[in-house]
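# Results of the structural survey
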Amino acid sequence: MASKFTELAIDCADPVGLAQFWCAVLDYEVRDEEEGLVTIGSPSMPEGSDRPGPVPPLLTFARVPEGKTVKNRVHLDINPTDREQDEEVRRLLELGARHTDIGQGEHSWVVLADPEGNEFCVLATRRP
């Protein structure tokens with residue numbers, strides 16, 4: 001068996017605030033919280049290492065002293081499942097995201113940044 005992608009760690013200045021933003025974006029909930037570290041995950045995913053197949057990854061936000069300085073080398077792509085792309089972009093902007101230009105040009109996805117400047121893409125609507 002190969003490895004499973006189960007968690008993505010994100011360095012940030014405000015783990016609680018950034019976790020709240022991403023919980024609202026992904027319909028996740030806080031799974032664990034300690035000083036300077038917050039982990040969120042899907043509310044429908046049971047705990048345990050014996051989960052078969054793909055699993056929604058956990059996101060862990062860790063406080064670090066340095067700020068973001070350059071474009072992300074890794075970013076999230078999110079996909080609206082119950083609304084059109086433009087509606088989802090409006091919702092995310094209301095949650096605190098902002099448009100950002102990383103030189104992407106004209107594409108079917110929209111590049112946004114979370115409240116700490118981490119870029120992510122909102123893909124054209126696909127319904128899984």
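On a predicted model such as this, the values are computed, not experimentally measured, just so you know.

## Digging into the environment of Arg83
Its location among the elements puts Arg83 in the loop between strand 5 (76-78) and helix 2 (85-95). Owing to a relative accessible area of 23%, Arg83 belongs among the partly exposed residues under this scheme. In this structure the side chain of Arg83 is engaged in a polar contact, spanning 2.8 Å, whose partner is the side chain of Glu88.

## Points about the packing of aromatic side chains
A full pass over the atoms with the stated rule returns three aromatic pairs. Measuring from ring centre to ring centre gives 5.3 Å for Phe21 and Trp22, while their planes differ by 90°; the resulting arrangement is edge-to-face. Residues Trp22 and Phe120 carry aromatic rings whose centres are separated by 4.9 Å and whose planes lie at 70° to one another, so their mutual orientation is edge-to-face. With Trp22 in helix 1 (residues 15-26) and Phe120 in strand 8 (residues 119-122), this residue pair connects regions lying 98 residues apart in the sequence. Pairwise contacts between aromatic rings join Phe21, Trp22 and Phe120 into one cluster.

## What to know about the sheet that holds strand 7 (residues 110-113)
One open sheet holds the four strands; their spatial order is 5-8-7-6, and the pairing between them is mixed. Because the sheet does not close on itself, it has two edges, and the strands there are strand 5 and strand 6 (98-99). Inspection of the sheet shows strand 5 paired to strand 8 by three bridges, in the parallel sense. Note that in strand 8 the partner of Asp77 across the bridge is Cys121. Here helix 1 sits on the sheet in contact with strand 5 and strand 8, set at roughly 35° to strand 5.

## Regarding unusual backbone geometry
Unusually for a residue other than glycine, Asp27 sits at a positive phi of about 60°. For Asp27, a relative accessible area of 59% gives the class exposed.

## Remarks on the pairing of strand 1 (residues 7-12)
Residues of strand 1 alternate between two faces, with Leu8, Ile10 and Cys12 buried on one and Glu7, Ala9 and Asp11 left unburied on the opposite face. As paired elements, strand 1 and strand 4 (residues 58-63) share six bridges and run parallel to each other. Following the sheet pairing, Ile10 is matched in strand 4 by Phe61.

## As for the sheet that holds strand 2 (residues 29-34)
Pairing is mixed across the open sheet formed by four strands, whose spatial order is 1-4-3-2. Lying at the two open borders of the sheet, with one neighbouring strand each, are strand 1 and strand 2. For this sheet the average axis-to-axis angle between neighbouring strands, irrespective of direction, equals 20°. Strands strand 1, strand 2, strand 3 (37-41) and strand 4 of the sheet are contacted by helix 1, whose axis makes an angle of about 160° with strand 4.

## With respect to the environment of Lys71
Among the secondary structure elements, Lys71 is positioned in the loop between strand 4 and strand 5. Sequence separation between Lys71 and Glu119 is 48 residues, and the spatial gap between their C-alpha atoms is 7.4 Å. Setting aside anything within four residues of it in sequence, one finds Lys71 in contact with Ile102 and Glu119.

Basis of the calculations
- Residues numbered from 1 in each chain as written.
- Predicted model: local features only at pLDDT ≥ 70, side-chain atom pairs only at ≥ 80, totals over all residues.
- Heavy atoms only, no water.
- Helix = DSSP H or I, 4+ residues; strand = E, 2+ residues; numbered from the N terminus.
- Buried < 20%, exposed > 50% of the residue type's maximum accessible area, 1.4 Å probe, protein only.
- Polar contact = N/O pair within 3.5 Å; in protein donor to acceptor, adjacent residues only side chain to side chain.
- Phe/Tyr/Trp six-rings, centres within 6.5 Å; stacked < 30°, edge-to-face > 60°.
- Pairing = 2+ DSSP bridges.
- Contact = heavy atoms within 4.5 Å.
- Axes fitted to C-alpha atoms, helices over the stretch in contact; angles between N-to-C directions.

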